Amino acid sequence: MNEASGKVQREQGSPETVRARAGRIYTPYVDIVERKDEIIVIADMPGVDENSVDITLEKNVLTIYGKASFELSEDGRLLLHEYGTGDYRRVFTLSDEVDREKIQASVRNGVLKLVMPKAEAAKMRKIPVKNGAYN
Amino acid sequence: MLWSDLERIGHFFDPFRDFERAGMAFGFEGPSAVEFPAMNVWASDGNAVITTELPGMDPEAIDISVANGSLTLSGLRKAEELKEGESYHRKERWDGRFKKTIELPFSVDASKVQARFSKGVLYISLPRAEADKPRKISIKSE
C-alpha cells in the first residue's frame, strides 16, 4: 500500500473503510440511465466477477463494493503504469421511486449492471384528456 | 428531479476521485489523464506482458496487432443504446472507437503472442523474437 491510499483511509475515519486487505479503493466510473419503467446503473469494475461484488441496501443508501482479482506479472520490471489495481466502492442514495424489492444485479466482462424497477407510484402516467364541455 | 439527491451525493461522497486529481499534481497519473484503454506493461529479458482494462467489451470486438517492436490495440466500445424517452442521468464511462499503439522494448515473435480476456481485463503475453535476443559473444584468447 502506498502512503497516499493510507492517508485517504485515515481521513475517511468511518469504521467501514478500515480494511484488513491492503490496497487502494477506486471509485468506478458509472453511467445512470433512466428508462420508462426502470433505472439502470452501469459501473466499470474490471477484475470483478459476480462472486466478488457486494451490493448492500441500507435504508435508502445503496453501496456497491467490488473486490478485484488481478494476475500480477511477477517477472520483469514495470515499463508503463497507466492504471492502478484495487477494489471499487461507490455509494448512492435512492429515491422512493425505486422498488427496492426488485433490484437486480449482474456482472459481465467486468461491468456491473443494476436494474432498478420503478415503484408503481413513480411510473409516469398518461392522463387522458377528454373532449367535452365544462359542467 | 427525483434523482437530484443522487447526483448531489455522487459529488459529495467521491473523495477518492478528488484525491486522484490531487495525486496527479504530484506526478501520479490518474485514470482520466490516460487515453482509453489504460495499459500496464511489464518486461523481462525474454518476455513482455501487457494488461489493459476493457470492461464491458466482448473479446471479439478487440483487435490486437503486433508489428516488430510495437503493439496496436483497437476496437469499439459501445454506449448503452437509448430509446425514445430514455436519458442519461450520469455518463462517466468512456465509449467510442479507440486505437492505441505502444512501443515494446524489443521485437516480438508475432506467432507466439498470446492474449486472454477475463473479467474485463485483457492480458497479452509477447515473447521476444529469437533474432532479437542478446547473444553472448565469446572472446578467443590468443
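What comes next concerns the included structure.

How each quantity is defined
- Residues numbered from 1 in each chain as written.
- Chains lettered and ligands numbered in written order.
- Predicted model: local features only at pLDDT ≥ 70, side-chain atom pairs only at ≥ 80, totals over all residues.
- Heavy atoms only, no water.
- Helix = DSSP H or I, 4+ residues; strand = E, 2+ residues; numbered from the N terminus.
- Buried < 20%, exposed > 50% of the residue type's maximum accessible area, 1.4 Å probe, protein only.
- Areas by Shrake-Rupley, 256 points an atom, 1.4 Å probe, with all protein chains shown as cover.
- Pairing = 2+ DSSP bridges.
- Axes fitted to C-alpha atoms, helices over the stretch in contact; angles between N-to-C directions.

Focus on the overall build of chain A
Looking only at helices and strands, chain A has 1 helix and 9 strands in total. Each helix (α) and strand (β) of chain A, taken in turn from the N terminus, gives the series α-β-β-β-β-β-β-β-β-β. Sorting the 135 residues of chain A into buried and exposed places 48% on the buried side. Total accessible area computed for chain A in this model is approximately 8,300 Å², and 49% of it derives from carbon and sulfur atoms.

Side note on the sheet that holds strand β3 (residues 62-67) of chain B
All names here are of chain B. Taken in spatial order, the 3 strands line up as β3-β4-β6 in an open sheet, and their pairing is antiparallel. At either end of the open sheet lies a strand with only one pairing partner, and these are β3 and β6 (96-103). For this sheet the average axis-to-axis angle between neighbouring strands, irrespective of direction, equals 10 degrees. Inspection of the sheet shows strand β4 (residues 70-77) paired to β6 by 8 bridges, in the antiparallel sense. Bridge pairing in β6 links Ser-74 to Lys-99.

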